[in-house]
Amino acid sequence: FEETEYMKKDYSTLPPLALKQVVSELEKRCNVIYEIMINIFGKKEYLERFLNWIAFILQERVKSYTAWLITSNVQGIGKDLLFIRILMPLFGDKQSQLMNGSRIAKNFNKIDMNCFLRGYNEVFSAGNAKENLHRKESLKDLITAPYQSIEIKGVDTFQTSNFMNFILFSNSEHPIFLDDEDRRFNVIRNDDAVKVSALSIYRGLEHLQPDIEKELSDFLSNLKLNEYF
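Only a predicted model underlies this, so the values are computations on that prediction, with no experimental measurement involved.

What counts and how
Residues numbered from 1 in each chain as written. Predicted model: local features only at pLDDT ≥ 70, side-chain atom pairs only at ≥ 80, totals over all residues. Heavy atoms only, no water. Helix = DSSP H or I, 4+ residues; strand = E, 2+ residues; numbered from the N terminus. Buried < 20%, exposed > 50% of the residue type's maximum accessible area, 1.4 Å probe, protein only. Phe/Tyr/Trp six-rings, centres within 6.5 Å; stacked < 30°, edge-to-face > 60°. Axes fitted to C-alpha atoms, helices over the stretch in contact; angles between N-to-C directions. Parallel < 35°, antiparallel > 145°, perpendicular 65-115°, else oblique. Left-handed = near helix turned anticlockwise from the far one by under 90°. Contact = heavy atoms within 4.5 Å. Polar contact = N/O pair within 3.5 Å; in protein donor to acceptor, adjacent residues only side chain to side chain. Nonpolar A, V, L, I, M, F, W, Y, C, P; charged D, E, K, R; others polar. Core = buried A, V, L, I, M, F, W, Y, C linked by side-chain atoms within 4.5 Å. Pairing = 2+ DSSP bridges.

Undergrad: Whenever I open this one, the environment of Ser 24 confuses me. Can you help?
TA: If you trace the backbone, Ser 24 turns up in helix 1 (residues 19-29). Residue Ser 24 is classed as partly exposed on the basis of its relative accessible area, which comes to 41%. Measuring from C-alpha to C-alpha, the distance between Ser 24 and Lys 94 comes to 31 Å, with 70 residues separating the pair along the chain.

Now the structure itself:
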């Protein structure tokens, strides 16, 4: 695990934050990031659970055996911003990637070996029930399997630890049909979500990325101090 510039700060002398305090501090100190995230998750209790999940992965640098499935009926609510502009700078480009859902169930390669956080955009293949079932079964295995087989050109296939944690995105109302007892997936759908351009923090597209970047250090501080459970 290679620490990014945001992770090199020493937080060991700072007091820990209870989970509800983490969300409160996020709202107070990272207004842009908070408004984007609450637009996606809808309720503070769901945002708390997501921050708890991210904090555990960042602090322990291990695999969580659950994934997030985030859906919406409106495009442009901030799902890509969440992954690319907020989370990827913290995890690093080599250790986090956002890919198209068509990449699910493909052979593992070198980029998968170093990945801690993987996002899949549009996990639903419209009109292809067989493909959707194949993706679902592959995801179930990816979320829980402790090892993965890596295939690199010119090298014999070998096994390595599977550290990947997953955030899945879709604009379909029913992207994955889950069993009632399946506890692998945390499913989020906020039907009241609006486009980012309609949020109060939006000052224009040219300002959005710089506004997020200004808050990333404080955002990571909240995650590093979070007393996850």
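There is more to say after this.
Undergrad: Sorry if this is basic, but what is going on with the packing of aromatic side chains here?
TA: The description of two aromatic rings rests on the distance between their centres and on the angle between their planes. Under the counting rule described, the total for this entry stands at eight aromatic pairs. Centroid distance Phe 50 to Trp 68: 5.3 Å. Interplanar angle 85°. Geometry classified as edge-to-face. Of this pair, Phe 50 sits in helix 3 (residues 44-60) while Trp 68 sits in strand 1 (residues 67-71), and the two are 18 residues apart along the sequence. As far as the burial class goes, Phe 50 and Trp 68 line up, both buried. The rings of Phe 41, Phe 50, Trp 53 and Trp 68 are connected pair by pair, giving a single aromatic cluster.

Undergrad: Explain the packing of helix 3 against helix 4 (residues 79-91) here, please?
TA: Put simply, helix 3 and helix 4 touch, their axes get as near as 11 Å, and they point 30° apart. Relative to helix 4, the element helix 3 lies roughly parallel. Along this stretch, helix 3 crosses helix 4, giving a crossing that reads as right-handed. For the pair helix 3 and helix 4, contact is made by Phe 50, Ile 54, Ile 57 and Leu 58 and by Leu 82, Leu 87, Leu 90 and Phe 91, respectively.

Undergrad: Mind showing me how you'd approach helix 2 (residues 31-41) here?
TA: Because the α-helix completes a turn every 3.6 residues, residues three or four places apart line up on one side. In terms of burial, helix 2 is largely enclosed, as ten of its eleven residues are buried. Considering only its buried residues, helix 2 is in contact with helix 1, helix 3, strand 1, helix 4, strand 7 (185-189) and helix 7 (205-225). Directly after helix 2, the chain includes Gly 42, whose backbone phi takes a positive value near 85°.

Undergrad: I'm lost on the environment of Asn 171 in this one. Help?
TA: Within the element layout of this structure, Asn 171 appears in the loop between strand 6 (165-170) and strand 7. In sequence terms Asn 171 and Lys 224 are 53 residues apart; their C-alpha atoms lie 31 Å from each other. Within polar-contact distance, the side chain of Asn 171 engages the side chain of Lys 79 at 3.1 Å.

Undergrad: Explain the packing of helix 3 against helix 7 here, please?
TA: The axes of two packed helices give the description: the angle between them and the distance between them. Interaxial distance between helix 3 and helix 7 falls to 8 Å at its minimum, and their mutual angle equals 80°. Viewed along their axes, helix 3 and helix 7 adopt a mutual orientation that is roughly perpendicular. Only Phe 219, Leu 220, Leu 223, Lys 224 and Leu 225 of helix 7 make contact with helix 3, whose side of the interface consists of Leu 51, Ile 54, Ala 55, Leu 58 and Gln 59. For the contact of helix 3 with helix 7, the class distribution of residues is eight nonpolar, one polar and one charged.

Undergrad: Explain the nonpolar core here, please?
TA: General note: in soluble globular proteins, nonpolar side chains tend to be found buried as a group. Ranked by size, the top nonpolar core spans 51 residues in total, and within it Met 37, Phe 41, Phe 50, Ile 167 and Phe 219 carry the most contacts. The set of elements that each furnish at least two residues to this core consists of helix 1, helix 2, helix 3, strand 1, helix 4, strand 6 and helix 7. Not counting residues up to four positions away in its chain, the partners in contact with Ile 167 are Phe 50, Trp 53, Trp 68, Ile 70, Phe 83, Leu 87, Leu 117, Arg 118, Gly 119 and Tyr 120.

Undergrad: What exactly am I supposed to notice about the pairing of strand 6 here?
TA: One face of the sheet, then the other: side chains in a regular strand alternate in exactly this way. Across the six residues of strand 6, six count as buried, placing the element largely inside the fold. Alternating positions in strand 6 separate into two faces, Asn 165, Ile 167 and Phe 169 on one and Phe 166, Leu 168 and Ser 170 on the other, with burial throughout. Direction of pairing for strand 1 relative to strand 6: parallel, over a ladder of four bridges. Across the sheet, Thr 71 pairs through a bridge with Ser 170, a residue of strand 6. Strand direction decides the pairing type here: strand 3 (residues 117-121) and strand 6, joined by five bridges, are parallel.

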